[in-house]
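# Architecture and fold: a report
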Amino acid sequence: MDLKRYTHADARDVRSLLLDVHDEAYGDSADPFHSRERFAYYVDLWSARADWRCVSGWEAGGPVGYAYGSMFTPGGWWRRHERPSGLKSPVFALSEFLVVPAWRGTGRALRIHDALLDDVAAGTVTLLVELRRPGVRAMYERWGYGKAGETEPSGDVPGYSVMVKRLESGL
């Protein structure tokens, strides 16, 4: 699998790829939470950050998936969830991670995940997993994440498990 890396400077060029992979991952979902319009808002919000980074995986002439995120500001944390005590180092927020359905369960997801995090200047990475997706949470637990709590960022979205992992290469 070929890996491509992007930064904030590439956000406009990679935006349509991110939206297209999202559509393929959620194409059969009637859930308005996973609409293209809603997702586009979050792509634009996160990719506007100066330290935003993204990695996409490519194989057989097409995208396998991608992951992106950025650093939390000092003291920053997920909305409506308190930062776990004891986290003093910088924290990287893995905001989005999608794999095309045909490539799920092939090991490519972990390669994309690790490539995104391989040189972040953080001691910890965190992400959110929908409570209604226990299989996804179990995958992250196999990758070394632990559940730090639950949050419901706003009333129109599902609840989330807040997952945290210490990075070996971190500070």
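Residues numbered from 1 in each chain as written. Predicted model: local features only at pLDDT ≥ 70, side-chain atom pairs only at ≥ 80, totals over all residues. Heavy atoms only, no water.

### A few points about the overall build of the protein
The cut-off we apply is this: Only DSSP runs of H or I reaching four residues or more are called helices, and only runs of E reaching two or more are called strands; each is numbered from the N terminus. Here the radius of gyration uses the C-alpha set of atoms, whereas the globule reference equals 2.2 Å times the residue count to the power 0.38. Any residue under 20% of the maximum accessible area for its type is buried, any over 50% is exposed, and the rest in between are partly exposed; the area is computed with a 1.4 Å probe on protein chains only.
Each helix and strand counted, the protein has four helices and seven strands in total. The linear arrangement of helices and strands in the protein, starting from the amino end, is β-α-α-β-β-β-α-β-α-β-β. Here the C-alpha radius of gyration of the protein, 15 Å, is about what a compact globule of 171 residues would show, namely 16 Å. Seen along its three principal axes, the alpha-carbon backbone of the protein occupies a region of about 45 × 35 × 30 Å. The proportion of buried residues among the 171 residues of the protein is 49%.

### Topic: the pattern of salt bridges
To keep it simple, the criterion reads: What makes a salt bridge here is a side-chain nitrogen of Lys or Arg within 4 Å of a carboxyl oxygen of Asp or Glu, nothing more.
Tallied over the full model, the rule gives eight salt bridges. Between Asp118 and Arg5 there is a salt bridge, and its shortest N-O distance comes to 3.1 Å. Of this pair, Asp118 sits in the loop between helix 3 (108-117) and strand 5 (124-130) while Arg5 sits in strand 1 (residues 2-7), and the two are 113 residues apart along the sequence. Look at Asp118 and you get partly exposed, because its relative accessible area is 41%. A salt bridge links Glu150 to Lys147; the nearest nitrogen and oxygen atoms lie 2.6 Å apart.

### Side note on the sheet that holds strand 5
Stated precisely, the cut-off is as follows: Between any two strands, at least two bridges found by DSSP are needed for them to pair. The convention used is that axes are lines fitted to C-alpha atoms, helices contributing only their stretch in contact, and that angles between N-to-C directions extend from 0 to 180 degrees. Whether two residues touch is decided by their heavy atoms; if any such pair falls within 4.5 Å, the residues are in contact.
Overall, mixed pairing links the seven strands, which are arranged 1-2-3-4-5-7-6 in an open sheet. Two strands in the sheet have a free side with no partner beyond their single neighbour: strand 1 and strand 6 (146-151). Pairs of neighbouring strands in the sheet enclose a mean axial angle of 25°, with direction left out of account. In the packing of helix 3 onto the sheet, contacts are made with strand 1, strand 2 (53-59), strand 3 (62-71), strand 4 (91-99), strand 5 and strand 7 (160-166), and the angle to strand 4 comes to roughly 150°.

### Observations regarding helix 2 (residues 36-47)
Operational definition: By this rule the span expected of a helix is its residue count minus one, scaled by 1.5 Å.
Relative to the 16 Å expected for 12 residues at 1.5 Å per residue, helix 2 spans 16 Å between its end C-alpha atoms, a close match to the ideal helical length. The complete set of buried residues in helix 2 reads Arg38, Phe39, Ala40, Val43, Trp46 and Ser47. Its buried side turned inward, helix 2 meets helix 1 (11-26), strand 3 and strand 4.

### As for the pairing of strand 3
Burial analysis of strand 3 places nine of its 10 residues in the buried class, the great majority of the element. Sheet analysis places strand 2 next to strand 3, joined by seven bridges and oriented antiparallel. Across the sheet, the residue bridging to Glu59 is Gly62, located in strand 3. Across seven bridges, strand 3 lies against strand 4 in antiparallel orientation.

### Quick notes on the environment of Ile112
Within the fold, Ile112 resides in helix 3. Taking relative accessible area as the criterion, Ile112 reaches 0% and is therefore assigned buried. Setting aside residues no more than four positions away along its own chain, Ile112 makes contact with Met1, Leu3, Val55, Gly57, Val64, Gly65, Tyr66, Ala67 and Phe97.

### Topic: the environment of Gly86
Mapped onto the elements of the fold, Gly86 is located in the loop between strand 3 and strand 4. When its relative accessible area of 59% is taken as the criterion, Gly86 is described as exposed. Sequence-wise, Gly86 and Ala67 are 19 residues apart; in three dimensions their C-alpha atoms are separated by 26 Å.

### Digging into the side chain of Thr124
For clarity, the threshold we go by: Polar contacts here mean pairs of N or O atoms no more than 3.5 Å apart (in protein, one a potential hydrogen donor and the other a potential acceptor; neighbouring residues in sequence count only if both atoms are side-chain atoms).
Within the secondary structure layout, Thr124 lies in strand 5. Thr124 gets classed as buried once you look at its relative accessible area, which sits at 0%. A polar atom in the side chain of Thr124 sits 2.8 Å from the side chain of Arg166. Among residues more than four places away in sequence, those in contact with Thr124 are Leu87, Ser89, Pro90, Val91, Phe92, Val164, Lys165, Arg166 and Leu167.

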